[in-house]
Amino acid sequence: TDLIVALNLERLSDEEKAGFLAKMAETVQKAVIARAIATMDEAKRKELDEVMAKNDPEALATFITDAVPTFDDLTRQETLTFKRAMLTGKMPASA
């Protein structure tokens, strides 16, 4: 990806690149979920707990995107924040 090139990580093996990208995705996903949960009221959080208890990733994804209309925007914002942090070495204040 462009981030691998920007960070000069092209020399890594394909396996190492995949690991880096997986870690990046996990980090962004955690930040997005935290922000999404912060937008929910108590009733929605309880409903989220019930959905999570079912251990059904598809149901969880559907719930989150329905409960948080700005979910796609949050995802874009957190992805950009992560990329900027990686490129500048500066973590955001909320991290």
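Here goes a summary of the coordinates provided.

How each quantity is defined
- Residue indices begin from 1 for each chain and proceed along its sequence in written order.
- Totals for whole chains, interfaces and linings use every residue, but because this is a predicted model, local features are given only for residues with pLDDT of at least 70 and side-chain atom pairs only at 80 or more, for both listing and counting.
- By convention in this description, side-chain values take in all heavy atoms of the structure and omit both hydrogens and water.
- Only DSSP runs of H or I reaching four residues or more are called helices, and only runs of E reaching two or more are called strands; each is numbered from the N terminus.
- A radius of gyration in this sense is built from C-alpha atoms; the matching globule rule multiplies 2.2 Å by the number of residues raised to 0.38.
- Each residue gets one of three labels from its accessible area relative to the maximum for its type: buried under 20%, exposed over 50%, partly exposed in between, using a 1.4 Å probe on protein chains only.
- In this analysis, two residues are considered to be in contact whenever any of their non-hydrogen atoms come within 4.5 Å of each other.
- The Shrake-Rupley method, run with a 1.4 Å probe, gives the accessible areas here. Residue values count only the displayed protein chains as cover.
- Take the buried residues of types Ala, Val, Leu, Ile, Met, Phe, Trp, Tyr and Cys, join any two whose side-chain atoms come within 4.5 Å, and each joined set is a nonpolar core.

1. Comments concerning the overall build of the protein
Each helix and strand in the protein was counted, giving 5 helices and 0 strands. Reading the secondary structure of the protein in the N-to-C direction produces α-α-α-α-α. Here the C-alpha radius of gyration of the protein, 16 Å, is well above what a compact globule of 95 residues would show, namely 12 Å. Dimensions of the protein along its principal axes, counting C-alpha atoms only, are 45 × 30 × 20 Å. By the burial criterion, 21% of the 95 residues in the protein qualify as buried. For the protein, long-range pairs separated by at least 24 residues make up 52% of all intrachain contacts whose partners lie at least 6 apart in sequence. Roughly 6,800 Å² of accessible area belongs to the protein as shown, and the carbon and sulfur atoms make up 55% of that amount.

2. Remarks on the nonpolar core
Looking at soluble globular proteins, one finds that nonpolar side chains tend to be buried together. Ranked by size, the top nonpolar core spans 18 residues in total, and within it Ala 36, Met 40, Phe 63, Ile 64, Val 68 and Phe 71 carry the most contacts. Among the elements that line this core, the one with the most residues is helix α2 (residues 14-38), at 5 residues. Apart from the residues within four sequence positions on either side, Met 40 is in contact with Arg 45, Leu 48, Phe 63, Ile 64, Ala 67 and Val 68.

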